[in-house]
Amino acid sequence: MTTTIERLRGTGAGLTVRSRILATVLALTLLTLVIAGGTAWVLQRQRVDARIDASLQRTVDGFTAFARATDPQTGRPYATAQDLIYAGMQREVPGPNEGMAGFVEGHLELSCPPG
């Protein structure tokens, strides 16, 4: 003969009420951490991408203005693209984690490694 308490305990497939509550709280906590972490990662990635894009755009704008200027040694426009790129790379100071590469017609002509 079973009592009412024994019949109620048998409905949880071997898990106590305390275990089921703990499992539910852990699952909700995990879900919350995944959502919060994913949101933070997406927002931070967007900020980093925007900062990189802005920095690259400033570099492009500066080099475009520099390309419109004349060669200070000759007083005339730069004779070749390689001369222009070389002069532009000489006046740039890359950051500690940045490098520079100069391409002419799709071929690497000049490079300055990071560091």
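Above this note sits the structure.
First things first, this report covers the structure right here in the doc. (Residues numbered from 1 in each chain as written. Predicted model: local features only at pLDDT ≥ 70, side-chain atom pairs only at ≥ 80, totals over all residues. Heavy atoms only, no water.)

**Some words on a nonpolar patch on the surface**
Then comes step 1: A cluster of nonpolar side chains, Val17, Ile21 and Val25, forms an exposed patch at the surface whose accessible area comes to about 270 Å².
Then comes step 2: Along the chain, Ile21 falls in helix H2 (residues 17-68). (Patch = residues over 30% accessible without salt bridge, like charges linked within 9 Å, V, L, I, M, F, W, Y side chains within 5 Å. Areas by Shrake-Rupley, 256 points an atom, 1.4 Å probe, with all protein chains shown as cover. Salt bridge = Lys/Arg side-chain N within 4 Å of Asp/Glu carboxyl O. Helix = DSSP H or I, 4+ residues; strand = E, 2+ residues; numbered from the N terminus.)

**Observations regarding the environment of Ile85**
Then comes step 1: Residue placement: Ile85 occurs in helix H3 (residues 81-91).
Then comes step 2: Judged by its relative accessible area of 14%, Ile85 falls in the buried class.
Then comes step 3: With 24 residues separating them along the chain, Ile85 and Glu109 place their C-alpha atoms 9.0 Å apart.
Then comes step 4: Excluding residues that lie within four positions of it along the chain, Ile85 makes contacts with Phe63, Gly102, Phe103, Val104 and Leu110. (Buried < 20%, exposed > 50% of the residue type's maximum accessible area, 1.4 Å probe, protein only. Contact = heavy atoms within 4.5 Å.)

**Focus on the pattern of salt bridges**
Then comes step 1: Scanning all chains against the criterion turns up one salt bridge.
Then comes step 2: Among the salt bridges present, the one from Arg45 reaches Asp49, with a minimum N-O distance of 3.9 Å. Note that Arg45 and Asp49 are positioned in helix H2 at a spacing of four residues, about one turn of the helix.
Then comes step 3: Taking relative accessible area as the criterion, Arg45 reaches 47% and is therefore assigned partly exposed.
Then comes step 4: According to the relative accessible area criterion, Asp49 is partly exposed, its value standing at 36%.

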